[in-house]
Amino acid sequence: GRVLDSLGETVPAATVMLLTSSDSTLVNYTTTDSDGRFTFRSVKNQGYLLKISHISFMPVQKSIPITDQQEYDFGNIIVEPIAEVLMEVVIKSAQAPLFIHGDTVEYDARLCKVPPGSTVKDLLKRLPGIEVDADGNISSMGKGVRRVYVDGKTFFGDDPKSVTKNLDAEAISKVQVYSDKSEQERLTGIDDGSDDKAMNLELKDEYKKGYFGKASVAAGTEKRWAARGSYNRFNETSKLSFMGYGNNINSTGVNWEDYQEFKGSSAYSEYDDGDFGFNTRNYRHYSIMSGNDYSGKGFTENYGGGVNYNYFKDKIKFNASYFYNQSDLVYDEFSKRQTFLSDTSYYQFDTTDYNRLNFSHSISSRLEVEFDSTNTLVFRINSRVSGSGIDSYKTQLYQTDAPLFSDINMNINRDSSDLNAYSVNLLSIYNHKFAKKGRSVSVSGSADISDNSTGRLTDNINEFFLLLTPTEQIKYLYENTRRDALYKSSLMYVEPFGKRFSIMGFYNFSSNETESGKVVSDELADNVLVNSMTNFYIHNVMYNRLGTSFTYAYQGLNITIGGAYQVIDMDGRYAFLQSSPDYTGLV
């Protein structure tokens, strides 16, 4: 169809919604193009309601009947201007499930029907243009949503999964999806072209003050059980939230820490990286809950709980979160395999007894202080202490075929390991805005420190039955360590020229120190070191970068031309042991 006004002029940017005729549930939406045209493709032939809304025109609603044709054309749809005397009446009475304001898409969650007890995840799945996968990751129109706010405020470290799986859909009034600004754009006011999506969940008035929560408990056969609960207390200046869960039904609940996080991955937030200059933002997103390492084997017991606190008043914004989680995985695995050769065959019997326990403590906090209209300070800390323990016992028995069914050989492998790791990320950003609009200077400093150590014992026995070959055994003790220390600082100055042009000068400093070592000893030979598997390595990288860029920004068009001079110093040392004489020599 095509939308025109009463004078025959085209109406661009009108919101066109496709609703079910039975209960007016929103199915899909679009906006009219510059010629006032719109199209919906690949929809079921079941009959719909078409609703058109625009801030300057009266809303229009039309029926779409079931048709024998493959296309239904409305032709020209005329919309009437809203008279000023009717404005108040229209705003109060005309409820549309979706509005588009610039780059913001706003859904009216109150008009989206979900069963009682549903979570935000269930609500989002019913909104057109929004997709939520099995792990709770959100995307809007094909782009990933990297942050979710509640009433514009941080909730459990901005992690989308913590919100979608734990906040009650009944508490949500509106869902807003928009393009979020990078930290650099927030400080400078210059559009850097980033189009990352963010989501804000606006609470209903009755949930903005007071308290609300939910709890569920389930039990079944084979001693299976599951429990989950949350409690929230909100007011005008603060939000306090608790959540917890536990189960033994192989459900990791809200997708706690993937295995990389248990290894002590660095704690980063792509929005506050403090790297001014060219767009060097990385997406090693720090979150309190981010994926899981459950492969589908065996049985898991899972426990977790945490607390989140927000304080927003006057010129102070403060958030702090703590979360603990653990997962205990146990399984026994059996297999029988027959291999056929040209003249015979043999059997292989495999058994595995496996147990793994993972745990993690996560703390994050962010403080933003606006001293006045020209000076702002941001401080953030993310930290994690984690660990895991693995015990594995495997046997492989090889046996001849009938009629003897004699044992050929057996391999026994015992493998156990313990991992302990921690990571800390500190960041501070200071910004000063001058009297001239757009002119500003910013300085940042950050430290990212992580340490993890692993002890592993491998005992491998190979026993032969039909030959006179003696039993073979390897028993190694592994000790792995890795330490990373990254220190960064940046300085940026922005000078505007009119409303469309600006020039930016910046300086970046970074020092990255990495030490890694592996010591392997043979426990069957009085703990003698295994030279071929033991080593120590240190790697230092330092760079200084000085650059400038010239930016033109107007109505969504962003053109940046710039250059930088960078000096990189790299220093790598390798040795058998850290105390070895050749450690001091460069490689």
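Please refer to the structure placed before this passage.
A short tour of the structure in this document, coming up. (Residues numbered from 1 in each chain as written. Predicted model: local features only at pLDDT ≥ 70, side-chain atom pairs only at ≥ 80, totals over all residues. Heavy atoms only, no water.)

Describing the environment of N45
The following threshold applies: Numbered from the N terminus, helices here are DSSP runs of H or I no shorter than four residues, and strands are runs of E no shorter than two. Residue exposure (1.4 Å probe, protein chains only): buried if accessible area is under 20% of the type maximum, exposed if over 50%, otherwise partly exposed. A contact between two residues is defined here by any heavy atoms of the two lying within 4.5 Å. What qualifies as a polar contact is a pair of N or O atoms within 3.5 Å, subject to a donor-acceptor requirement within protein and to the restriction that residues adjacent in sequence count only when both atoms come from side chains.
Along the chain, the position of N45 falls in the loop between β3 (26–31) and β4 (48–54). Residue N45 is classed as partly exposed on the basis of its relative accessible area, which comes to 42%. Expressed as a C-alpha distance, the spacing of N45 and P65, which sit 20 residues apart in the sequence, is 8.4 Å. Not counting chain neighbours up to four residues away, the residues in contact with N45 comprise P65, I66 and T67. There is a polar contact of 2.5 Å between the side chain of N45 and the backbone oxygen of T67.

Overview of the nonpolar core
The following threshold applies: To form a nonpolar core, buried Ala, Val, Leu, Ile, Met, Phe, Trp, Tyr and Cys residues must be joined to one another through side-chain atoms within 4.5 Å.
Ranked by size, the top nonpolar core spans 33 residues in total, and within it Y107, L124, I130, I172, V175, M199 and L201 carry the most contacts. Elements with a contribution of two residues or more to this core: β2 (15–20), β3, β8 (104–108), α2 (120–125), β9 (130–132), β11 (143–150), β13 (172–179) and β14 (197–203). Apart from residues no more than four positions distant in its own chain, I172 is found in contact with A109, V120, L123, L167, L201, E202, L203 and K204. Counting residues in each nonpolar core, the second largest holds 16 residues, with V3, L18, I52 and V79 among its members.

Observations regarding the pattern of salt bridges
The test is simple: Counted as salt bridges are all cases of a side-chain nitrogen of Lys or Arg within 4 Å of a carboxyl oxygen of Asp or Glu.
Counting across every chain of the model gives 13 salt bridges. When the shortest N-O distance is used, the salt bridge between R456 and D415 registers 2.8 Å. Linking R456 in strand β23 (residues 440–464) with D415 in strand β22 (residues 407–433), this pair joins segments that are 41 residues apart in sequence. Taking the relative accessible area as the measure of exposure, R456 reaches 35% and is therefore partly exposed. Across the salt bridge formed by E495 and K436, the nearest N and O atoms sit 3.0 Å from each other. Residue E495 is located in strand β24 (residues 472–497), and its partner K436 is located in the loop between β22 and β23; the two are separated by 59 residues in the primary sequence. On the basis of relative accessibility, which here comes to 11%, the residue E495 falls in the buried class. The structure contains a network of salt bridges with shared partners spanning R2, D35 and R37.

The values are spatial; any link to function lies outside them.
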